[in-house]
Amino acid sequence: KVCCCMPSIFITNPIYYIDFTTMIRPILFATALLSSASCSTAFAPAATAVTTQQQRTSSSTITSLTPLKMSDSPDSPTQLKIQSLVDDNPVLLFMKGSKLFPQCGFSNTACQILQSYNIDFETVDVLADEQIRQGVKDFSQWPTIPQLYVCGEFVGGSDIMIEMYQSGELGEMIEKAKADMV
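Residues numbered from 1 in each chain as written. Predicted model: local features only at pLDDT ≥ 70, side-chain atom pairs only at ≥ 80, totals over all residues. Heavy atoms only, no water.

Attention shifts here to the sheet that holds strand β4 (residues 122-125). Reading across from one edge, β4-β3-β5-β6 is the order of the four strands in this open sheet, with mixed pairing throughout. Looking along the sheet, the strands with just one partner apiece sit at the ends: β4 and β6 (153-156). Ignoring which end each strand starts from, the neighbouring axes of this sheet average 25° apart. Packed onto the sheet, helix α3 (residues 77-88) meets β3 (91-95), β4 and β5 (147-150) and runs at close to 140° relative to β3. (Pairing = 2+ DSSP bridges. Helix = DSSP H or I, 4+ residues; strand = E, 2+ residues; numbered from the N terminus. Axes fitted to C-alpha atoms, helices over the stretch in contact; angles between N-to-C directions. Contact = heavy atoms within 4.5 Å.)

Following this line, the structure appears as structure tokens:
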């Protein structure tokens, strides 16, 4: 059967009638979205971002890269509070929500990994304090939450935790933290 009002390709079985122009619209939208300059920079990690400054001289252009500055100085109250939390807790997870009620899938994954080691660990809910949420990103120079600290050392987010869990490296760090707790 041919439909004169639809200029697109279609399947002739009326049960499975598909208009391929409506199927391709989301793909075209996603392609346009990903190719825009603002989106490509929106997903760049904050720790690696740099600004470019151009200075014009009489005959040439000099381009210098200047690192972006962190919003909090190392001596700010927020940074001191984060440092104190990291120093006081052998295993500390900055996350969205709590270990009893994680508020994001990545935080949930991080909690499940730590709970598999049967270790007592502390969590900090970054959703409860916006200054901590931003401050911990500056503190670690890591753009995402959750963030794990073991024995005062920044380990990484849930993706790194998964890799280290699978390789056994995280287990070794946790065993060391367990020994430090006793």
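This next bit is on the state of the cysteines. According to the stated counting rule, one finds zero disulfides in the structure shown. Free cysteine Cys104: the closest other cysteine sulfur is in Cys111, separated by 9.4 Å. The exposure class assigned to Cys104 is buried, which follows from its relative accessible area of 17%. Given a relative accessible area of 1%, Cys111 falls into the buried group. (Disulfide = S-S within 2.5 Å. Buried < 20%, exposed > 50% of the residue type's maximum accessible area, 1.4 Å probe, protein only.)

A few words now on helix α6 (residues 158-167). Listed in full, the buried residues belonging to α6 are Ser158, Met161 and Met164. One side of α6 holds all its buried residues, which, seen down the axis, span an arc of 120°. Among the exposed residues of α6, those pointing more than 90 degrees away from its buried face are Glu163, Gln166 and Ser167. In the segment just after α6, Gly168 is the residue with positive phi, at about 90°. (Arc of directions from axis to C-beta.)

Once that is clear, we can look at the pattern of salt bridges. On inspection of all chains with the given rule, the structure shows one salt bridge. Its salt-bridge partner being Glu175, residue Lys178 comes within 3.7 Å of it at the nearest N-O pair. Here Lys178 pairs with Glu175, and both are found in helix α7 (residues 169-181), just three residues apart, close to one helical turn. Residue classification places Lys178 among the partly exposed positions, given a relative accessible area of 27%. (Salt bridge = Lys/Arg side-chain N within 4 Å of Asp/Glu carboxyl O.)

In the predicted model, the chain carries a mean pLDDT of 73, and the fraction of residues at 70 or more is 58%. Between residues 16-23, whose pLDDT stays under 50, and residues either more than four places distant or in other chains, the model counts 16 contacts. Here residues 28-72 is a poorly scored stretch, pLDDT under 50, and it has 35 contacts once near neighbours within four places are set aside; other chains count. (pLDDT = per-residue confidence, 0-100.)

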